Amino acid sequence: MLKVENVHFSYGDRTVLRGVSLDVEPGEVRVILGPNGSGKSTLLRIVAGILRPDRGRVVIDGEDVTDRPPEDRRVGYVPQHPTLFPHLTVKDNITYSLRNGRGDPDQLDELVEMLELGEHLDRRPDELSGGYQSRVALARALFSDPRVLLLDEPLSDVDLAAKRDLVKRFRRALRRSDAPALYVTHDPWEAERVGDSYTVLLDGRSVDADTVDEALERLRRGAPVGEGS
Amino acid sequence: MDARAALAVGLVAALLAGAAIGHHHTSSRQLTVFAAASLKKPLTRLAEQYEREKGVKIALNFGPSGGLTAQILQGQRCDLFFSADWKYIVELRKAGKTAKTRKFLRDHLVLVASKTGRRKGVKDVKDLTRPGVTVAVADPKAPVGEYTQRALRRLGIWDTIVKNGNLKARPGTVNQVATMVKKDQVDAGFVYRSVAVEFRLPIVQTLPHSLTGPIVWGAAVIKGGNERLAEDFLNYCLRHVDEFRKYGWEPA
Amino acid sequence: MIGRYELLSALFPPLFFLFIAFPLVALVLNLTPRGLAQAFGDPYFWSATFNTILCAAAAAVMGVATAVGFGYYHLFKRDSVIYRIADFLNDLPVALPHTVAGLALLLAFGRRYFWWLGENGLAFTLVAVTLAMFFVSYPLAARAVQAGLEEVGRDLVEVARTLGDTPAQAYARVVVPALREALLGGFLLAFSRSLSEFAAVIMFGGNLPGKTQVLASYVFTRVEAGDLEAAVAASVFCMALSLAVVALVRSLTGAGGLQRAQG
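Residues numbered from 1 in each chain as written. Chains lettered and ligands numbered in written order. Predicted model: local features only at pLDDT ≥ 70, side-chain atom pairs only at ≥ 80, totals over all residues.

S.K.: Quick question: what am I supposed to make of the overall build of chain B here?
M.R.: Of regular secondary structure, chain B possesses 12 helices and 11 strands. Across the 252 residues that make up chain B, the buried fraction comes to 43%. Restricting the contact set of chain B to residue pairs at least 6 apart, pairs at least 24 apart contribute 76%. (Helix = DSSP H or I, 4+ residues; strand = E, 2+ residues; numbered from the N terminus. Buried ≥ 20, exposed ≤ 12 C-beta atoms within 10 Å, placed from the backbone. Contact = placed C-beta atoms within 7 Å.)

And the structure:
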């Protein structure tokens, strides 16, 4: 269970988040929508522990992790560019968290099958296309047995033809994990396929919505909103 | 972008032109003098006096004698040359570059000791062969290094100090030897007397020319330059040789 | 109408070949068998060669290792006093005249303060030669690491930390391996710089033929003594050595650059 409570964040004098709150249940995929620069990536990095909020709290499974570094939070992070470890094989990338005592080696086969990575396990990341790199990034995050999943436009590097299939796979993979997930995307179609619920970030504040259409309507209107519900 | 590029090109052209003009500037009221670096203090003083008395502009260029000789051989503009070693004057004469040559100053090779060296009782060249005593001698590419080697060989102790490890450093210039002794990094070193005076190093022993060979500083009026003025200034320096005595030299 | 950049591109081959390549060629053209015999027959030449390679390699390794440590501070402790001083001083040894550097090392590590470490402190030994080389070449390695980190660093570390690594673990396991090109490049720069270091080494190392003399000084002494043929031979040898090292290191990076799959 993920709770984000009244988080504020500024880069210097530019305030990006002014009181963002949301609750995500186990197994729920919350899609984050918003115009460019609205702080979507920032929000994810705050939940991951890479950034410390100026105000507010992050609570995971009842534990206040706001002051904890990323390595103590047990989150799975798929950043905007896959950022695979270039000197390791695909397999070693996915199972990286084993070095820190996280993840179950028996889970590997299932993940590999789900994301169809069987043939590529011994390859290096620079031998793979964008779509496959995204798969590996997701597998790596899932393998580490995370309490929360954070995906920042994971399919932005993927070409349109491959995207449809990949969205389905991602959806299935996210379903198997019972971790609450925050999923950032610009693509409304992708948002609808993948999300269970939606949050719009506008002007540094958040609004929740139950359907994609509702969320897109808010976005389109660009109306200033009150605190997130 | 265009204006900036034009400005840059113009600047470079101006610099080159300026250098070329400066190079070919020949006025009978200007003298270009090349001199060994150690002559800086006395020569600068005399040049200033001469400038005031005669209304002549003297451009002084100090450097290592070998390097300056090479420049003159390459055709660099020079009217008068003071060398720290007579052999360079001979070299220029053989190349037909000199109008007049003159033996100018005499110097001696001296042994100087550092604070620790004096404490260890270094009083004589032979003390350098004692175990634990360290000495610096200039590299043979500097004339002073050659003189030292020659003298110590004649005394029969050169091989000893090399084998026993008394010789610790062979820096490139005589000034570096002086610095090492001054900063007490070695017990003793061999420098010119003029250098010992300059660095205020107490002289332990003076080596006679019978051991080192003649250490003569020479002067040459360069052919094709401002010969009359050069000779006049050279004679001026010879008359005022006391200025050089102050720094440890003797007239040749 | 020829454009500005076309002009610059057209100027490149003649400028490069005339001022960079031709002097090297001139050196080779002046090589004589007698010079080679003189140089190769001189035991001082071989000891200078051996000492130079040994110390330069050691200095470069030290430089790269220190640069890796510096990289850690660059990534994680950018605001600390140590980093700021180190970053600022990085430019100093390069701007410092070499004899000044040599003198500084001598005063610092000579027998005045380090009398307890031996009769001359660290001075006048091969260790001193290595230290002098390290002093002038470390900044190059550090800058190479800094540049490499800018390309690689931050994202990898963030992801590794979410997978459970402490900053130090992330740095060691993920960043440093990804820096391989930068590290090898830094080693190459530091090694070449060390090979050619002259004034600082003489002052602090002692320049004793057969013991602490390096190749650059050997060549210079030969020139001053008038043995031009031997000097040329030694210089060409030095040049060939440098080229060999460059070729070796480039082969380790995979033929001058990694290939990345597109898309």
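S.K.: How should I be thinking about helix 10 (residues 180-196) of chain C in this particular structure?
M.R.: Along an α-helix, a turn takes 3.6 residues, which lines up residues three or four apart on a common side. Residue and element names in this part refer to chain C. Between the first and last C-alpha of helix 10 there are 24 Å, a value that for 17 residues agrees with the 24 Å anticipated at 1.5 Å per step. With 12 of 17 residues buried, helix 10 lies mostly within the body of the structure. Three or more residues of helix 10 are buried, namely Ala182, Leu183, Gly185, Gly186, Phe187, Leu188, Leu189, Ala190, Phe191, Arg193, Ser194 and Leu195. (Expected span 1.5 Å × (residues − 1).)

S.K.: Got a minute to help me understand the confidence of the model for chain C in this structure?
M.R.: In low-pLDDT segments, the atomic positions of the prediction should not be examined closely. Residue and element names in this part refer to chain C. Of all residues in chain C, 95% attain a pLDDT of 70 or more, and the chain-wide mean is 86. Highest mean pLDDT in chain C belongs to helix 3 (residues 43-76) (93); lowest belongs to helix 5 (residues 92-95) (74). In this model residues 255-263 is a low-confidence stretch, pLDDT under 50, and it forms 8 contacts with partners more than four residues away in sequence or in other chains. Note on the complex model: pTM 0.77, ipTM 0.89. (pLDDT = per-residue confidence, 0-100.)

S.K.: Teacher, can you tell me more about the packing of helix 3 (residues 65-73) of chain B against helix 4 (residues 86-94) of chain B here?
M.R.: Geometry of a packed helix pair, given as the angle between the helix axes and the separation of the axes. All names here are of chain B. In contact at an axis separation of 10 Å, helix 3 and helix 4 are set at 10° when each is read in the N-to-C sense. Between helix 3 and helix 4, the crossing angle belongs to the class labelled roughly parallel. Residues Ser65, Gly66, Thr69 and Ile72 of helix 3 touch helix 4, and the partners they reach there are Tyr88, Glu91 and Leu92. When grouped by side-chain class, the residues that make up the contact of helix 3 with helix 4 number 3 nonpolar, 3 polar and 1 charged. (Axes fitted to C-alpha atoms, helices over the stretch in contact; angles between N-to-C directions. Parallel < 35°, antiparallel > 145°, perpendicular 65-115°, else oblique. Nonpolar A, V, L, I, M, F, W, Y, C, P; charged D, E, K, R; others polar.)

S.K.: Help me out: how do you make sense of the interface of chain C and chain A in this one?
M.R.: Where interface size is quoted, it is often the accessible area lost as the parts come together. Opposite the 16 residues of chain C that make contact, chain A presents 23 residues. Of all the secondary-structure elements, those providing two or more residues to the side of chain C that touches chain A are helix 8 (126-162) and helix 9 (167-178) of chain C. Examining the composition of the side of chain C that touches chain A, we find that 6 residues originate from one element, helix 8 of chain C, more than from any other. The residue inventory of the side of chain C that touches chain A, partitioned by class, reads 7 nonpolar, 4 polar and 5 charged.

S.K.: Just checking my understanding: could you explain the sheet that holds strand 7 (residues 167-169) of chain B for this structure?
M.R.: Whenever strands of a sheet pair, they do so through backbone hydrogen bonds, lying parallel or antiparallel. Residues and elements named next belong to chain B. The 5 strands lie next to each other as 7-6-8-5-9, forming an open sheet whose pairing is mixed. Of all strands in the sheet, those with a lone pairing partner are strand 7 and strand 9 (203-207), marking the two edges. For strand 6 (residues 135-136) and strand 7, the ladder comprises 2 bridges, and the chain directions are parallel. Note on strand 7: the bridge partner recorded for Ala136 is Ala169. Sheet strands touched by helix 8 (residues 174-182): strand 5 (109-113), strand 6, strand 7 and strand 8 (188-192). Its angle to strand 8, the strand with the most contacts, is close to 140°. (Pairing = 2+ DSSP bridges.)

S.K.: Explain the nonpolar core to me, please; I cannot follow it from the model alone.
M.R.: Generally speaking, a soluble globular protein has its nonpolar side chains buried in company with each other. Val47 and Leu150 of chain A, Val191 of chain B together with Ala132, Ala141 and Val145 of chain C are the most contacted members of the largest nonpolar core, which totals 175 residues. At 20 residues, helix 8 of chain C tops the list of elements feeding residues into this core. Ranked by size, the runner-up nonpolar core spans 35 residues in total, among them Leu43, Cys78, Leu92 and Phe233 of chain B. (Core = buried A, V, L, I, M, F, W, Y, C linked by C-beta atoms within 7 Å.)

S.K.: Explain the interface of chain B and chain C to me, please; I cannot follow it from the model alone.
M.R.: With 18 residues of chain B at the contact, the number on the chain C side is 20 residues. Looking at the side of chain B that touches chain C, the elements with two or more residues in it are strand 7 and helix 8 of chain B. When grouped by side-chain class, the residues that make up the side of chain B that touches chain C number 5 nonpolar, 7 polar and 6 charged.

S.K.: How should I be thinking about the packing of helix 2 (residues 33-40) of chain C against helix 13 (residues 228-252) of chain C in this particular structure?
M.R.: Residues and elements named next belong to chain C. The N-to-C vectors of helix 2 and helix 13 enclose an angle of 75°; their axes lie 7 Å apart at closest approach. Judged on the interaxial angle alone, helix 13 and helix 2 are roughly perpendicular. On helix 13, the residues touching Arg34, Gly35, Leu36, Gln38 and Ala39 of helix 2 are Glu229, Ala230, Val232, Ala233, Ala234 and Phe237. Considered class by class, the residues forming the contact of helix 2 with helix 13 number 7 nonpolar, 2 polar and 2 charged.

S.K.: It is not clear to me how unusual backbone geometry should be interpreted in this structure. Could you clarify?
M.R.: Residues other than glycine predominantly adopt negative phi, and peptide bonds predominantly adopt the trans conformation. For Asp61 of chain A, which is not a glycine, the phi torsion comes out positive at approximately 50°. Taking the C-beta count within 10 Å as the criterion, Asp61 of chain A has 14 such neighbours and is therefore assigned partly exposed. Its identity is not glycine, yet Arg200 of chain B carries a phi of approximately 55°, on the positive side. Relative to the helices and strands, Arg200 of chain B is located in the loop between helix 9 (193-198) and strand 9. The exposure class assigned to Arg200 of chain B is exposed, which follows from the 8 C-beta atoms found within 10 Å.

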